[in-house]
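# Geometric and topological summary
Here is how the chains run, residue by residue.
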Amino acid sequence: MSDIQYPINGACQCGKVTYQLLAPPLMIAACHCKQCQKLSTSAFSITAMVNTVDIIFSGEMHEWSRLADNGNTNGAKFCPSCGNRIYHYNPNDPDKIKLKPSTLLDTRVIKPSMHIWTSEKQAWFALPEGIDCFDKQPF
Ligand SMILES: [Zn+2]
Ligand SMILES: [Zn+2]
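All of the points below concern the structure found in this document.

Reading the values: rules and limits
- Residues numbered from 1 in each chain as written.
- Chains lettered and ligands numbered in written order.
- Predicted model: local features only at pLDDT ≥ 70, side-chain atom pairs only at ≥ 80, totals over all residues.
- Heavy atoms only, no water.
- Salt bridge = Lys/Arg side-chain N within 4 Å of Asp/Glu carboxyl O.
- Pairing = 2+ DSSP bridges.
- Helix = DSSP H or I, 4+ residues; strand = E, 2+ residues; numbered from the N terminus.
- Axes fitted to C-alpha atoms, helices over the stretch in contact; angles between N-to-C directions.
- Donors = N, O, S within 2.8 Å, 3.2 Å for Na, K, Ca; no water.
- Tetrahedral: all angles 85-135°; square planar, octahedral: opposite > 155°, others 65-115°.
- Buried < 20%, exposed > 50% of the residue type's maximum accessible area, 1.4 Å probe, protein only.

## Focus: the pattern of salt bridges
Summed over the entire model, instances satisfying the criterion amount to three salt bridges. Close ionic contact of Arg108 with Asp106 constitutes a salt bridge, the shortest N to O distance being 2.8 Å. Where salt bridges share partners, they join Asp3, Asp106 and Arg108 into one cluster.

## Quick notes on the sheet that holds strand β5 (residues 55-58)
Taken in spatial order, the three strands line up as β1-β2-β5 in an open sheet, and their pairing is antiparallel. Both edges of this open sheet fall to β1 (8-11) and β5, since each of them pairs with a single strand only. With strand direction ignored, the average angle separating the axes of adjacent strands in the sheet is 20°. As judged from the four bridges shared by strand β2 (residues 18-21) and β5, these two strands associate in the antiparallel manner. Residue pairing across strands places Gln20 opposite Ile56, the latter belonging to β5.

## Focus: the coordination of the zinc ion (ligand 1)
At the metal site, the zinc ion (ligand 1) is ligated by Cys12 (SG), Cys14 (SG), Cys79 (SG) and Cys82 (SG), and these contacts range over 2.3 to 2.4 Å. Coordination at the zinc ion (ligand 1) is tetrahedral, judged from the four donor atoms that bind it and the angles of 106 to 115° they form at the metal. We note that the donor set of the zinc ion (ligand 1) lies within a single chain, spaced as C-x1-C-x64-C-x2-C. The exposure class assigned to Cys79 is buried, which follows from its relative accessible area of 1%.

## Some words on the coordination of the zinc ion (ligand 2)
At the metal site, the zinc ion (ligand 2) is ligated by Cys31 (SG), Cys33 (SG) and Cys36 (SG), and these contacts range over 2.1 to 2.3 Å. Each donor residue of the zinc ion (ligand 2) belongs to the same chain, and together they define the spacing C-x1-C-x2-C. Taken as a pair, Cys31 and Cys33 share a single burial class, namely buried.

Structure representation (structure tokens):
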């Protein structure tokens, strides 16, 4: 992914929330948990772990949160107009966010570097060879 140029702009579906990603994500995970299936309306969701200082948001976002299985609070920010999920975060770990990176203009970024929660994945999805896979949440 060395030819990907930063910063990269991103936006929700309606365009009222925009952001600029200044540096490459720390890692990209495809999450197969049931919550992510519901969120993505698909078989898995893709999350990019990003240093909070490497991203600049603009536009109003609304918030929702739930308690994750490991006891962490999972805060979620979304566009109040189109409902597009923008990022997740743990209020006890403010230095990093979990960006929903399919909202980036250059979606070559969203190639997963690991698959997680494969214990809940759809049976028809074949995990790729040579990539880290975890039954549950590794971090
Ligand atoms: Zn929107
Ligand atoms: Zn998940």
